[in-house]
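Breakdown of the fold
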Amino acid sequence: MTNINFITKYAPTKWLLVSFGLLVVFASLNQCTFNSEQTIDFNTQVKPILNQKCIHCHGGVKQSAGFSLMTREKALSPTDNGQPAILPGDADNSEFIRRLTAEDEEERMPFEAPMLSPTEIVILTQWVDEGANWGLHWAYESVQKTEVPRSEIVALGSVGETDKNDWAINEIDHFVLEKLNQNDLVPSELADKKAILRRLSLDLIGLSAPENLAAQFLQKENAITYEQLVDELLGLPQFGEKWASMWLDLARYADSKGFERDPNRSIYAYRDYLIRAFNEDMPYDQFLTEQLAGDLLPNPTDAQYIATGFHRNTPTNDEGGTDNEEYRVAAVIDRVNTTGQALLGSTFACVQCHGHPYDPFEHKEYYQMMAFFNNTRDMDTHKDYPLLRMYEPKNTAKLDQLIAWIKTVAGEKRAEEMRTFLKTWQPVIYSIDTDSLINAAFYDTKYLGFRPDGQAQMKDITLTGKNKLLLRGIVAKKGGRFVIRIGDIEGEIIADFNLKKSAEWSYEFLEIPLIPVEGKHDLFLQYENNAMTNPEAMGFQIDWFYFTEDFPGKGTPDYEENRQRFWELMEATPATTLISMENPVERPRTTRLFDRGSWLAQTEKVAAKVPTILNEFPENAPNNRLGLAQWLTDKKNPLTARTMVNRIWEQLFGMGLVETLEDLGTQGTPPTHPELLDWLSYQYMNDYEWSTKQLIRTVVTSATYRQSAKVSPDLLAKDPYNKLLTRGPRVRLSAEQIRDQTLAVSGLLSDKMYGPPVMPYQPDGIWSAPYSSDTWQMSEGEDRYRRAIYTFVKRSTPYPAMETFDVAPRQVCSSRRIRTNTPLQALVTLNDPVYVEAAKHFALKMQQQTDKSTAEQIAQGYELAIGKSIDVNKKEVLVDLYQASLKNYQTNPKAAQEIIGKLKSKQSKAETAAMTVVANAILNLDEFMMK
């Protein structure tokens, strides 16, 4: 029964009579579970109402009447009328409550929207009377050690032949059992060996387990244990390929730059870094640190530089007519958004234009976060600088020799400066950073080009200790002269250099002496060429400038030999990959707040700082990307571990403990098992020491993971999406897995790892980007059959077969893939040449068992593909399909020839063609596409 005092206190009589009538309201209130002794919980009862009904006018975007409900401080502050709308402990005199029940529709809130329900008004009224206490959303609370419940199965039902109290295998199962008990449900029995073998293999390595390993697990005597199977699979190199694929979606990895022309890009070394990192079980805190700030670590290795490609995967636009600064800023904004979404599970992108609509992130905090990323060396250059120059072993040895010699003649600091320069060509000044151009222009927006009597300026150049300028450019016309002055056209000349025409239209290095000058100066650049008769022609084109010192060690033994070694390394053309690097100390970049998110409306200057709602910035951490990485991986950070644990869970179960992987905030889906999420997150950071393999091992060795995926109609009705984990996961394979598994079953899959991307079969004409002559050049040999992770990713034109199966677009960070089921998918697997070729080889594989009947060959093929024995009905259907196809091809040998092509078989063409049809059918079964 409803408490009459409660109704009297929390249901204003006037409003009840006017708005609903006593009977309706009393009926509504009778459904409430409150009583006067219950305390209102802000996060579960109040915040959902505010987010749904109030925040759009009184939140982070709009603060109508000067009233905001984003934080307690703002909610209790004076509004436009000078008085606070909420008086803690006094609902009767709080304008906030009065407006909810006002008779006048012009006054009543929400404005021009349906009135709040009686239940909602009761909740808000009691909340104000209790002091309007705020609560921190669960995701912003630091992860604490969670006690493991010791649950037993208490609901009616059974779990196969297993004793109900022995079902739980590890701690995960007790959390799951507790939730099942609360819902009067029981878990499913454990899956059989064949089913769990296939599920586990697909989850850990993305393929079926190697035959010898599968046989060891399935054999009746002396079989390896399930736990041993898990460890063996975790140790296979294919593990890294499978799990790196997940991270490539987050890193928006692609082999092209994006936008209209979408030219190719070389960054495959970053993909290879991910594979190695997952295989080596690199601790997640180190994994993040290297990707965010590997270049800022002491004496970074090549691998640590390569890791920073994580934030160089942004699209860039070097088409003619574009604004380089606009797209540089767009790339930096993308890094802020990706960091928030991929690493913190937050919709931080919302804060670019205004305060977050639902979560306590301020507009200014977005640009304070942006300041961490805004000081990098990239500037939307055509060459995608900065790049790591990855020398082959011969030149690596040459570099080591050179650096060792420089240490002896000039000291370690100078040696490391030169190593960095030879490896990265940094820190240079890009020619597009010049301005005040006269008779000069940015050639196709990419390079500074001088016409006769051309002029340009460079600002704030530090010249102290600099007596040499290295310049990368092209001298197009003979007879030119290049002059550098201090300040302006009348300034002191510090360089006067006669240019010698380049042998070919290709870049070369010029070494220009400088008159030593102290301090920081603006420089005036002049190009003269009296021999040029065409005033519109480009005589001199520059890529970058490097102000430095003379080559060290002059007059010492081996000087000439090492100087020659230096230039050999400078002029070498090794493979390169995009990396992040910080601007030099003397050339910092200023970050300002963007008014309403527009980069053209920059206002106050901001310094790098993390959001106040999260953990504090670590003491003594540098205020740069390295410090940001330390903050992210601090065990006090409430989001980093939860986000990764939730992502791992989603990969294994098809849905995260929080379904919205990209949003753990107040508008995200509440966690189905919050205590389990926190327990795993705490274990991940502490007991597992950020070991991702150990985390995965804990999950897959649980009884929860090992349950049968079979589902009864009753269970389907009670837990349709398996959010309560009443059964094992049933999820369609990813786009990559479908292709990989098809090639693997057919015997075509190559085990070659790493290296440049490959181009398997793709129809002609798919690539048709304007202003680009790039074409799809089909790979030869085994490269056609490599795993899908190595397939060339073009942003504007994804690989069609995988796009049909929902591969993530790589323009921006993608936290999760939304699975679809369309007829186009069947058309791909039935007709795409890759799948047809795989079916032919699979047919041959089935026919190689020449001592078996056709029916037995089909049954064996089914078991190889699906991982379990075929039932009688399915076998009968497939045998009938074979017989019908055989009859057709026997009467139509030309069609049989078209099917098998040049394939050599010991069987007749008609028999092989018919078996190919059966093989294609098996590879298209729902069972094959699902785990």
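Residues numbered from 1 in each chain as written. Predicted model: local features only at pLDDT ≥ 70, side-chain atom pairs only at ≥ 80, totals over all residues. Heavy atoms only, no water.

This next bit is on the overall build of the protein chain. When its secondary structure is counted, the protein chain shows 34 helices and 13 strands. Along the first, second and third principal axes, the C-alpha set of the protein chain runs to 100 × 90 × 50 Å. Counting only residues that meet the buried cut, the protein chain has 55% of its 931 residues in that class. Across the protein chain, the fraction of contacts at a sequence separation of at least 24, relative to all contacts at a separation of at least 6, is 72%. Accessible surface for the protein chain amounts to roughly 40,700 Å². Of this, 50% is attributable to carbon and sulfur atoms. Considering the protein chain, the positive charge centre built from 100 side chains and the negative charge centre built from 126 side chains are found 5 Å apart. (Helix = DSSP H or I, 4+ residues; strand = E, 2+ residues; numbered from the N terminus. Buried < 20%, exposed > 50% of the residue type's maximum accessible area, 1.4 Å probe, protein only. Contact = heavy atoms within 4.5 Å. Areas by Shrake-Rupley, 256 points an atom, 1.4 Å probe, with all protein chains shown as cover. Lys, Arg positive; Asp, Glu negative; His and termini not counted. Charge placed at Lys NZ, Arg CZ, Asp CG, Glu CD.)

Counting buried positions along helix H21 (residues 625–632) gives 7 out of 8 residues, so the element sits mostly inside the fold. Of all the positions in H21, only Arg-625, Leu-626, Gly-627, Leu-628, Ala-629, Trp-631 and Leu-632 are classed as buried. Next to the buried residues of H21 lie helix H14 (284–293), helix H16 (324–344), helix H17 (363–373) and helix H22 (640–653). In this structure Asn-624 caps H21, since a side-chain oxygen of it lies 3.0 Å from the backbone nitrogen of Leu-626. (Polar contact = N/O pair within 3.5 Å; in protein donor to acceptor, adjacent residues only side chain to side chain.)

Let's shift gears to the pairing of strand S10 (residues 540–548). For S10, a buried count of 9 out of 9 residues is recorded, marking the element as mostly surrounded by other parts of the structure. One ladder, built from 2 bridges, connects strand S2 (residues 429–430) with S10; its direction is antiparallel. Along S10, the bridge assignment pairs Ile-429 with Phe-545. (Pairing = 2+ DSSP bridges.)

Looking at the secondary structure, you find Asn-133 in the loop between helix H7 (118–129) and helix H8 (171–182). It is 19 Å that separates the C-alpha atoms of Asn-133 and Gln-52, two residues lying 81 residues apart in sequence. Within the structure, Asn-133 has its side chain in polar contact with the backbone oxygen of Glu-130 (distance 3.2 Å).

For the rest of this paragraph, the subject is the packing of helix H12 (residues 238–250) against H22. H22 packs onto H12 with a crossing angle of 120° between their chain directions and a minimal axis gap of 12 Å. Considered as vectors, H12 and H22 are oriented oblique to each other. In this structure, H12 crosses over H22, and the sense of that crossing is right-handed. Residues Lys-242, Trp-243, Met-246, Trp-247 and Leu-250 of H12 form the contact with H22, whose own contacting residues are Met-644, Arg-647, Ile-648, Gln-651 and Leu-652. (Axes fitted to C-alpha atoms, helices over the stretch in contact; angles between N-to-C directions. Parallel < 35°, antiparallel > 145°, perpendicular 65-115°, else oblique. Left-handed = near helix turned anticlockwise from the far one by under 90°.)

As a further point, take a negative patch on the surface. On the surface, Asp-104, Glu-105, Glu-106 and Glu-112 cluster together into a patch of negative charge. Here Glu-106 lies in the loop between helix H6 (95–100) and H7. On the basis of relative accessible area, Glu-106 is assigned to the exposed category, the value being 57%. (Patch = residues over 30% accessible without salt bridge, like charges linked within 9 Å, V, L, I, M, F, W, Y side chains within 5 Å. Salt bridge = Lys/Arg side-chain N within 4 Å of Asp/Glu carboxyl O.)

The tally for this structure, following the rule as stated, stands at 48 salt bridges. With a shortest N-O distance of 2.9 Å, Arg-810 and Asp-249 are connected by a salt bridge. Taken together, the residues Arg-810 in the loop between helix H27 (800–804) and helix H28 (823–831) and Asp-249 in helix H12 connect sequence positions 561 residues apart. Each member of the pair, Arg-810 as well as Asp-249, carries the same accessibility label: buried. Note that Asp-806 is salt-bridged to Arg-732, the shortest N-O span being 2.9 Å. Within this pair, whereas Asp-806 is found in the loop between H27 and H28, its partner Arg-732 is found in the loop between helix H25 (713–718) and helix H26 (735–746), the two being separated by 74 residues in sequence. Each member of the pair, Asp-806 as well as Arg-732, carries the same accessibility label: buried. Overlapping salt bridges bring together Glu-95, Arg-98, Arg-99 and Glu-107 as one network.

Low pLDDT marks regions whose predicted coordinates should not be analysed in detail. Looking at the protein chain as a whole, the pLDDT averages 91, with 95% of positions reaching at least 70. Taken together, the stretch residues 1–34 has pLDDT below 50 and engages in 47 contacts with residues farther than four places along the chain or on a different chain. (pLDDT = per-residue confidence, 0-100.)

Moving on to the environment of Pro-110. Within the element layout of this structure, Pro-110 appears in the loop between H6 and H7. Under the relative-accessibility criterion, Pro-110 is labelled buried at 11%. Once the C-alpha coordinates of Pro-110 and Lys-520 are considered, the two residues, 410 residues apart in sequence, prove to be 59 Å apart.

Let us now look at the pairing of strand S6 (residues 481–486). Where burial is concerned, most of S6 is hidden: 5 out of the 6 residues are buried. Between the end of S6 and the start of strand S7 (residues 493–498), which pair antiparallel, lie 6 residues, with Gly-487 showing a positive phi angle near 85°. Where S6 and strand S9 (residues 520–528) come together, 6 bridges link them in antiparallel fashion. Within S9, the residue paired with Val-483 across the bridge is Gln-526.

Further remarks concern the environment of Asn-920. Residue position: Asn-920 is located in helix H33 (residues 909–923). Along the primary structure Asn-920 and Leu-830 are separated by 90 residues, whereas in three dimensions their C-alpha atoms are 6.7 Å apart. Setting aside residues no more than four positions away along its own chain, Asn-920 makes contact with Thr-829, Leu-830, Val-836 and Ala-839.

Further remarks concern the side chain of Asp-719. Here Asp-719 shows up in the loop between H25 and H26. For the buried Asp-719, which has no salt bridge, the nearest side chain bearing the opposite charge is Arg-727, at an N-O separation of 4.1 Å. Of note is the side chain of Asp-719, whose polar atom sits 3.2 Å from the backbone nitrogen of Leu-724. A polar contact of 3.0 Å, which involves the side chain of Asp-719, links it to the side chain of Thr-726. Look past the residues within four positions of Asp-719 in its chain and what remains in contact with it is Leu-724, Leu-725, Thr-726 and Arg-727.

Another aspect to go through is unusual backbone geometry. Glycine aside, a negative phi is what most residues show, and trans is what most peptide bonds show. Residue Pro-110 is bonded to the preceding Met-109 through a cis peptide linkage, with omega at 0°. The peptide bond linking Gln-426 to Pro-427 adopts the cis configuration, its omega dihedral lying at 5°. For Pro-427, the location among the structural elements is in the loop between helix H19 (412–424) and S2. At Asp-460, a residue that is not glycine, the phi angle is positive and equals roughly 55°. Checked against the element boundaries, Asp-460 lands in strand S4 (residues 447–462). The exposure class assigned to Asp-460 is partly exposed, which follows from its relative accessible area of 45%. For Asp-806, which is not glycine, the phi dihedral falls at a positive 70°.

Bringing helix H11 (residues 226–234) into the picture now. Each turn of an α-helix holds 3.6 residues, which means side chains three or four residues apart point in the same direction. Listed in full, the buried residues belonging to H11 are Tyr-226, Leu-229, Val-230, Leu-233 and Leu-234. Relative to the axis of H11, the buried residues are bounded by an arc of 130° and lie together on one face. (Arc of directions from axis to C-beta.)

Let us now look at empty space enclosed by the protein. A complete count under the given rule lists 9 cavities of 30 Å³ or more for this structure. Considered as a void within the structure, the largest cavity measures approximately 500 Å³ in volume. As for the largest cavity, its lining consists of 31 residues, and the residues nearest its centre are Lys-242, Gln-651, Ser-734, Gln-737 and Arg-817. Of all elements in the fold, only helix H9 (193–204), H12, H22 and H26 reach the threshold of two or more residues within the lining of the largest cavity. Its residues assigned to classes, the lining of the largest cavity comprises 9 nonpolar, 7 polar and 15 charged. (1 Å grid on protein atoms, 1.4 Å probe; cavity = no way out; pocket = protein on both sides within 12 Å on 5 of 7 lines; lining within 4 Å. Points joined across faces, edges and corners; volume = space filled by probe spheres on them. Nonpolar A, V, L, I, M, F, W, Y, C, P; charged D, E, K, R; others polar.)

Another aspect to go through is the packing of aromatic side chains. Across all of its chains, the model carries 47 aromatic pairs by this definition. Measuring from ring centre to ring centre gives 5.3 Å for Trp-767 and Phe-792, while their planes differ by 55°; the resulting arrangement is tilted. A residue pair is termed long-range when its members are at least 10 positions apart, and Trp-767 in the loop between H26 and H27 and Phe-792 in the loop between H26 and H27 qualify at 25 residues. Site record: aromatic cluster; members linked through ring pairs are Trp-405, Phe-421, Trp-425, Phe-509, Trp-544, Tyr-546, Phe-551, Tyr-559, Phe-566 and Trp-567. Taking NZ or CZ as reference, Lys-193 lies 4.7 Å from the ring centre of Phe-217, over its face. The cationic tip of Lys-794 hangs over the ring face of Trp-767; the distance from NZ or CZ to the ring centre is 4.4 Å. (Phe/Tyr/Trp six-rings, centres within 6.5 Å; stacked < 30°, edge-to-face > 60°. Lys NZ or Arg CZ within 6 Å of the ring centre and 35° of its normal.)

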